[in-house]
Amino acid sequence: MKRKQLGNPRDAALFVLMDVDKNQAYSNLLLTKHMNQHKIAGIDKGLMTELTYGTLQHKMTLDFFLAPFIKGKLENWVQWVLRMAVYQIHYLDRIPNHAVVNEAVQLAKYHGHKGVSGLVNGVLRAFLREGVPSFDSIKDPLERLSIETSHPEWMLENWIQAFGFEKTEQIARQNNVAPPQTIRVNTMKISIDDAIQALESEGFTVRKGILPESLHVAGKTAATSALFASGQFTIQDESSMMPAHALQLEKGMSVLDMCAAPGGKTTHIAQLLANTGHITALDLHENKLKYIHENAERLGFTHISTVAADARQAQEVLEQKQFDRILVDAPCSGYGVIRRKPDMKYAKKPQDAERLATIQLAILNEAYSLLSPGGILVYSTCTIEPTENDEVIDAFLQLHQDMQELSLPDVFTALPHGAAKVGHQVLPYPDGDGFYVVALQKA
Ligand SMILES: C[S@@+](CC[C@H](N)C(=O)[O-])C[C@H]1O[C@@H](n2cnc3c(N)ncnc32)[C@H](O)[C@@H]1O
């Protein structure tokens, strides 16, 4: 495939898909990179995003649809051209089929030789003529769910064990639906009602979320709002707003955020502290600390300092040795946010959760030593994997008999509730990501 660019949304999407295959980075980061490099602008940005995510989301299903029409092995990029075309034919109704075929043939002609464009044309015409193969030919329910929703079988099996078949099916289908745009209103700068009014006058459709600062906005890209630039809101999924509430903060407290970058929850803590007290925001990666500073500055929070360090050895670098509140928003497998990074379904390995659980427990043990008596430790992840959630907490509680689970504030009762034995779990739902949070208090 030529690395030269055509500068159109389909070609740019193809570059993202190829780079995802090479495991270069997550799709959301590659999308932004290629959108800029290919100079994709205006409504083409939306088309490029839709083609990239849609094709990735349904990759295994698209391969099942294409299988009867392909003989022999194809080059990777040709496979992506075909998947992208079949995605548009099957899942989108606004692009006429002849235009989809024509665009795919043009892409193949540009990046390959005449034989390749002939093949793409032939496969797509045969697909249009003969129609979509039926899932009824797949007799095994697990295999069928895997192909229909495009998730590896091992991943579904884990969830079936934890939540049952029906819930797993709901999760898998939800993972293929685009999330809403959710914002957290910066109540230090604007009231919820004034924010709703201002956003509506900018042309957004606005709906209140469950948590007090959360609004779901549609119609335009939230980051283009004047209110965003002036720090009157930040973009954050509603589930990610749970940990700051779980900390049960009081003005003037000292807080340690142990896995803080890019600062989504650090700034929420600052908001609930009403810019009082102090937050130490720590992250392993020094280059990510600038995002915490940028976010804090835009939103107007000043009581935050950052430290680059491994949270497992945080005591060695921190001057302050005891904190009133500690948040461990741990590095995790991220299975609650698959709808935002669909490539994760194919990149992750069954053993990832075990490896992460060891890191998570080590961070929690360090947090324990830094927590004041009577202090509250909140552990959160954006995964739905029990190995990284209540099983880590079980192990932690066995090691520290003076730590006890604390009830979460009343606002949590209105949120959906998954199946965790300890803490609050949310399985992916239309308005929020899959998430886990638990609050523990030191005696
Ligand atoms: C789930 S993200 C945190 C998101 C952040 N709390 C927010 O709300 O914006 C996990 C973070 O942990 C960091 N991390 C990974 N391993 C770490 C370690 N051993 N010590 C400290 N931070 C770590 C990653 O760099 C990543 O930024």
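Note that this is a predicted model, so its numbers are computed, not measured. (Residues numbered from 1 in each chain as written. Predicted model: local features only at pLDDT ≥ 70, side-chain atom pairs only at ≥ 80, totals over all residues.)

## Regarding the overall build of the protein chain
Helices and strands together make up the secondary structure of the protein chain, namely 19 helices and 12 strands. Expected size for 443 residues packed as a compact globule is a radius of gyration near 22 Å; at 24 Å, the protein chain falls within 12% of this value. With respect to the three principal axes, the spread of C-alpha positions in the protein chain is 70 × 50 × 40 Å. Across the 443 residues that make up the protein chain, the buried fraction comes to 46%. Considering only contacts in the protein chain between residues 6 or more positions apart, those separated by 24 or more positions represent 73%. (Helix = DSSP H or I, 4+ residues; strand = E, 2+ residues; numbered from the N terminus. Rg over C-alpha atoms; globule rule 2.2 N^0.38 Å. Buried ≥ 20, exposed ≤ 12 C-beta atoms within 10 Å, placed from the backbone. Contact = placed C-beta atoms within 7 Å.)

## Some remarks on the nonpolar core
M258, I269, I326, V328, A367, L377 and V378 are the most contacted members of the largest nonpolar core, which has 72 residues in total. Broken down by element, this core gets its largest block of residues, 7 residues, from helix α18 (residues 352-370). Excluding its chain neighbours within four sequence positions, the residues that come into contact with I326 are L256, M258, A367, L370, L371 and L377. One finds L14, A104, V123 and L124 within the second-largest nonpolar core, a separate group that totals 41 residues. (Core = buried A, V, L, I, M, F, W, Y, C linked by C-beta atoms within 7 Å.)

## Remarks on the pairing of strand β5 (residues 254-257)
Note that β5 and strand β6 (residues 278-283) share 4 bridges and pair parallel. Across the sheet, residue S254 finds its bridge partner in β6, namely H278. On the question of chirality, the crossover connecting β5 to the parallel β6 by way of helix α14 (residues 264-272) is right-handed. Where β5 and strand β8 (residues 323-329) come together, 3 bridges link them in parallel fashion. Paired with V255 across the strands is R325, a residue of β8. (Pairing = 2+ DSSP bridges. Right-handed = clockwise from strand over helix to strand, strands pointing away.)

## Re the site of the ligand
Near the ligand there are 16 residues, and of these C259, G264, L284, A311 and D329 occur at the shortest range. A per-class count over the shell around the ligand returns 7 nonpolar, 3 polar and 6 charged. (Near = placed C-beta within 6 Å. Nonpolar A, V, L, I, M, F, W, Y, C, P; charged D, E, K, R; others polar.)

## Quick look at the packing of helix α4 (residues 59-66) against helix α8 (residues 141-149)
In the contact formed by α4 and α8, the axes pass within 5 Å of each other and the chain directions differ by 100°. Between α4 and α8, the angle falls in the class roughly perpendicular. From α4, M60, T61 and F64 reach across to α8, where they touch S146, I147 and E148. Here the residues of the contact of α4 with α8 sort into 3 nonpolar, 2 polar and 1 charged. (Axes fitted to C-alpha atoms, helices over the stretch in contact; angles between N-to-C directions. Parallel < 35°, antiparallel > 145°, perpendicular 65-115°, else oblique.)

## Let's talk about the packing of α8 against helix α9 (residues 153-163)
Relative placement of two packed helices is described by the angle separating their axes and the distance separating the axes. Viewed as axis vectors pointing N to C, α8 and α9 meet at an angle of 115°, and their least axial separation amounts to 9 Å. The element α8 and its partner α9 pack so that their crossing is right-handed. On α9, the residues touching L142, E143, L145 and S146 of α8 are E153, L156 and E157. (Left-handed = near helix turned anticlockwise from the far one by under 90°.)

Distances and angles like these do not, on their own, reveal function.
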